[in-house]
Amino acid sequence: MPPKIILITGANSGIGLAAAKALTSASTNYHVIISARSLSKAQIAKAEVEAENPSSASRLSIVQLDVTDGASIKYAQVFVEKEFGHLDALINNAAIASGDPDIYTRYKVCMDTNVVGPAVIADVFRPLLLKSSNPYSIFVSSGAGSFGRAVERFSGTRDKPPEPKNGGAYHVSKAALNMLALREHHMYVDKGLKVFAFSPGFVVSNLRGTSNELRTGWGKAGPASVAGETLLSILDGKRDLDVGKLVYKDGVYDW
Ligand SMILES: NC(=O)c1ccc[n+]([C@@H]2O[C@H](COP(=O)([O-])OP(=O)(O)OC[C@H]3O[C@@H](n4cnc5c(N)ncnc54)[C@H](OP(=O)(O)O)[C@@H]3O)[C@@H](O)[C@H]2O)c1
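Residues numbered from 1 in each chain as written. Predicted model: local features only at pLDDT ≥ 70, side-chain atom pairs only at ≥ 80, totals over all residues. Heavy atoms only, no water.

Visitor: Would you take a moment to explain the site of the ligand for this structure?
Guide: Neighbouring the ligand are 28 residues; Asn12, Ser13, Lys41, Tyr170 and Ser205 lie closest to it. Measuring from an oxygen atom of the ligand, one finds a side-chain N or O atom of Arg37 at 2.8 Å. A distance of 3.4 Å separates an oxygen atom of the ligand from a polar atom in the backbone of Val140. Computed on the free molecule, the ligand has an accessible area of 890 Å², of which 93% lies beneath the protein chains in the complex. Of all the secondary structure elements, the ones that give two or more residues to the shell around the ligand are helix 1 (14-26) and helix 6 (169-188). (Near = heavy atom within 4 Å. Polar contact = N/O pair within 3.5 Å; in protein donor to acceptor, adjacent residues only side chain to side chain. Areas by Shrake-Rupley, 256 points an atom, 1.4 Å probe, with all protein chains shown as cover. Helix = DSSP H or I, 4+ residues; strand = E, 2+ residues; numbered from the N terminus.)

Visitor: Would you take a moment to explain the side chain of Arg106 for this structure?
Guide: Structurally, Arg106 can be placed in helix 4 (residues 103-129). It turns out Arg106 is buried and unbridged, and the closest side chain with the opposite charge, Asp100, is 6.2 Å from it. Reaching out from Arg106, the side chain makes a polar contact with the backbone oxygen of Pro101 at a distance of 3.2 Å. (Buried < 20%, exposed > 50% of the residue type's maximum accessible area, 1.4 Å probe, protein only. Lys, Arg positive; Asp, Glu negative; His and termini not counted. Salt bridge = Lys/Arg side-chain N within 4 Å of Asp/Glu carboxyl O.)

Visitor: What's the story with helix 2 (residues 39-52) in this structure? I'm lost.
Guide: Because an α-helix packs 3.6 residues into every turn, residues spaced three or four apart end up facing the same way. In a regular helix each residue adds 1.5 Å, so 14 residues correspond to 20 Å; helix 2 covers 20 Å between its end C-alpha atoms and thus fits that length. For helix 2, every residue scored as buried is listed here: Ala42, Ala45 and Val49. Projection of helix 2 onto a plane perpendicular to its axis shows the buried side chains occupying an angular sector of 65 degrees, all on one side. The exposed set on the far side of helix 2, more than 90 degrees from its buried face, consists of Ile44 and Ala51. Structurally, helix 2 contributes buried residues whose contacts are with helix 1, strand 2 (30-36) and strand 3 (60-64). (Expected span 1.5 Å × (residues − 1). Arc of directions from axis to C-beta. Contact = heavy atoms within 4.5 Å.)

Have a look at this one:
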């Protein structure tokens with residue numbers, strides 16, 4: 001059976017890179033297209049995956065894809081269509097948690113990268129996904145974007161975390177991303193598209209910053225590999241009963 005073709009945005013770091021490693025080391029079922037906002041970052045990521053698992057080399061491709069650049073998105077779509085003719089899974093993973101002191105800038109950056117980009121990418125790649133016999137569209141979201149969890153938090157039934165430094169722009173963007181996932185599910189479930197919003201949990205990555213303290217979430221973040229393994233379990237069909245939901249490793253969150 002030919003391997004399934006998986007495109008991951010922002011796959012040069014953190015959870016995207018962990019997913020590329022999990023998918024290519026679990027079996028020969030997956031061919032991963034590592035996309036990153038520069039080709040050199042994608043090349044470095046590919047080399048890192050290959051170094052851990054030399055047999056993965058033939059099941060890896062790279063493409064430049066800046067999620068805020070329409071021309072780059074179109075270029076990547078043409079690349080995938082020419083090389084593979086279809087796509088089996090799209091993992092809309094790239095995101096940013098801007099801490100810019102200017103509120104306009106941080107909202108604009110978070111919304112452009114975390115909402116507008118994934119919306120355009122989902123739209124541009126959907127025709128290729130619908131050529132697959134079992135297509136998946138996964139939006140890497142966050143429990144921080146869940147209204148249900150926010151209501152609990154704001155009503156004091158859970159510990160109140162400190163107000164994030166970015167003034168909620170990231171949270172708001174993930175709430176919008178959840179709506180994007182829910183809408184795509186309802187519009188395309190009849191065509192066989194399996195849509196998930198996925199909350200990876202608090203894991204080590206560059207999202208909070210690149211210092212050791214920020215990467216590790218002050219020592220409290222778990223390994224990104226756990227999120228990579230959960231993404232693998234979704235693509236392996238183990239979470240198909242949760243299609244159209246905001247899922248995390250151990251269950252489902254309220255929207
Ligand atoms: N880590 C956590 O605790 C956590 C918790 C909840 C949700 N998440 C979600 O998990 C996903 C992955 O984040 P992460 O934690 O792995 O953080 P990360 O290490 O910072 O990875 C984010 C990736 O997105 C890429 N990216 C940012 N802007 C981009 C753009 N314009 N075009 C293309 N790529 C772009 C980054 O590329 P560069 O390297 O070039 O910046 C990087 O590869 C995100 O959706 C995030 O919101 C993470």
